[in-house]
Amino acid sequence: MVAELNALRDQIDEVDKALLDLLAKRLHLVAEVGEVKSRYGLPIYVPEREAAMLASRRQEAENLGVPPDLIEDVLRRVMRESYLSENDKGFKTLCPELRPVVIVGGKGQMGKLFTRMLELSGYQVRILEQEDWPQAESLLADAGMVIVSVPIHSTEQVIARLPKLPADCILVDLASVKNAPLQAMLAAHEGPVLGLHPMFGPDVASLAKQVVVYCDGRNPEAYQWLLDQLQVWGARLHKTSAVEHDQNMAFIQALRHFATFAYGLHLSEENVQLEQLLALSSPIYRLELAMVGRLFAQSPQLYADIIMSSESNLALIKRYYQRFGDALALLESGDKQAFISKFTSVSEWFGDYAPRFMKESGSLLRQANDIRR
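Residues numbered from 1 in each chain as written. Predicted model: local features only at pLDDT ≥ 70, side-chain atom pairs only at ≥ 80, totals over all residues. Heavy atoms only, no water.

Participant: Can you help me understand the nonpolar core in this one?
Facilitator: Looking at soluble globular proteins, one finds that nonpolar side chains tend to be buried together. Counting 40 residues, the largest nonpolar core has L118, M145, I147, V172, L196 and L230 as its most contacted members. Residue contributions to this core peak at 6 residues, all from helix α8 (residues 220–232). Discounting residues that sit within four places of it in the chain, V172 has contacts with M145, V146, I147, V148, M185, L194, L196 and L226. Within the second largest apolar cluster, 22 residues are counted, among which are I159, L162, A184 and C215. (Core = buried A, V, L, I, M, F, W, Y, C linked by side-chain atoms within 4.5 Å. Buried < 20%, exposed > 50% of the residue type's maximum accessible area, 1.4 Å probe, protein only. Helix = DSSP H or I, 4+ residues; strand = E, 2+ residues; numbered from the N terminus. Contact = heavy atoms within 4.5 Å.)

Participant: Mind showing me how you'd approach the sheet that holds strand β1 (residues 101–104) here?
Facilitator: A sheet is described by the order of its strands in space; here 7 strands give the open sequence β2-β1-β3-β4-β5-β6-β7, paired in mixed fashion. Two strands close off the open sheet at either side, each with one partner strand: β2 (125–128) and β7 (236–239). The sheet shows a mean angle of 25° between the axes of neighbouring strands, direction not considered. Summarising the sheet, β1 and strand β3 (residues 145–148) pair through 4 bridges and their orientation is parallel. Across the sheet, residue V104 finds its bridge partner in β3, namely V148. (Pairing = 2+ DSSP bridges. Axes fitted to C-alpha atoms, helices over the stretch in contact; angles between N-to-C directions.)

Participant: I tried to follow α8 on my own but got confused; where do I start?
Facilitator: One turn of the α-helix equals 3.6 residues, which is why residues spaced by three or four share an orientation. The terminal C-alpha atoms of α8, which comprises 13 residues, lie 18 Å apart, in line with the 18 Å expected from a rise of 1.5 Å per residue. Of the positions making up α8, those classed as buried are Y223, W225, L226, L227, Q229, L230 and V232. Lining the buried residues of α8 we find α4 (109–120), β3, β4 (170–173), β5 (193–198), β6 (211–218) and β7. Directly after α8, the chain includes G234, whose backbone phi takes a positive value near 105°. (Expected span 1.5 Å × (residues − 1).)

Participant: Honestly, the pattern of salt bridges in this entry has me stumped. Any pointers?
Facilitator: Any two side chains of opposite charge can pair if their charged atoms end up close together. Applying the stated criterion across every chain, the model contains 14 salt bridges. For E50, the salt bridge goes to K209, with nearest N and O atoms at 2.7 Å. Of the two residues, E50 is situated in helix α2 (residues 47–63) and K209 in the loop between β5 and β6; the sequence distance between them amounts to 159 residues. Between R99 and D168 there is a salt bridge, with its nearest N and O atoms 2.7 Å apart. In this pair, R99 sits in the loop between α3 (68–87) and β1 while D168 sits in the loop between α6 (152–161) and β4, placing the two residues 69 residues apart along the sequence. We classify D168 as partly exposed; its relative accessible area is 48%. Because the salt bridges share partners, they merge into one network encompassing E50, R58, D69, E72, R76 and K209. (Salt bridge = Lys/Arg side-chain N within 4 Å of Asp/Glu carboxyl O.)

Participant: Just to check I follow, could you spell out a nonpolar patch on the surface for this structure?
Facilitator: A contiguous nonpolar surface patch, about 520 Å² in accessible area, is contributed by L328, L331, F339, I340 and F343. For the nonpolar patch, the secondary-structure elements that each account for two or more residues are α13 (311–333) and α14 (336–350). Broken down by element, the residue count for the nonpolar patch peaks at 3 residues, all from α14. Mapped onto the secondary structure, L331 falls in helix α13. Assessed through its relative accessible area of 58%, L331 is described here as exposed. (Patch = residues over 30% accessible without salt bridge, like charges linked within 9 Å, V, L, I, M, F, W, Y side chains within 5 Å. Areas by Shrake-Rupley, 256 points an atom, 1.4 Å probe, with all protein chains shown as cover.)

Below, the structure is given as structure tokens:
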């Protein structure tokens, strides 16, 4: 029995080696694709091409008796690595005539990310930090674009502090709130103005598939090349007004971050044993706990700024608190039928999104279980 098992394992090892050879060949081809894309200014992420390729591979897998989800999981992981490889080839400069880009706060994490991406695209980048303000006027005198990448609580003050910029200079901010910074930029500069919100952390290795929200300020024709450059980097752009952005971010960021903060606070004050929670948790609860822990591994100033950025955020959180109390009253009453009725009402509100989210989360949970130690 042992000999038979070892013989089969040896065959599996040989297949694994063949898979490695094929993966190496694929990555080599991807590198060549990256060079072509860089030369012609093509985006590294093309959703239509990816969707068509995955659909074809799924069908081919099914024809061979291989689970379609398996090949899709493998290919998605391989493609993620491929996007990183394409980064290394650099990107075409879509606005070669642009004068130097100055990033205010360029030594911060998001500032470093944009510095790297712009330099990979052939632009000259200068950094303006707090200690450089005595030289700010000379640093900005010939700027073609200024990107403000500083903490939310100081964004408006930094914008107001900028010296007079060249009339055609593009002024951009990267804050996660948009209306107040956009108004501050419009007041401080008479030229092109653009509000950007990268919907990702600065630790991403590639912008492929990452969402960047943008809010037009003034003279959009002057910065259209920048939006195109973001798409060349692989980003997915979403246009909205600054007011709509902030209204949506209240739910996406402020409320969610506060609820996570409160849950983490509760866990710590209950003094639960995290090791025991992890050992007893199924993948979905481990994933939820991981997302809570992730918050507390980051900057407390950042999340204080996001949550406390407006009075409307506070009002929304208060309404959440009220509904939490209403839900608690259902438990205190012991009225299971009332609970089920509310549950059903919310389920109907989600509609087709509920089963869609069920399917999407299933894929995430399988991956979470794969990496469990």
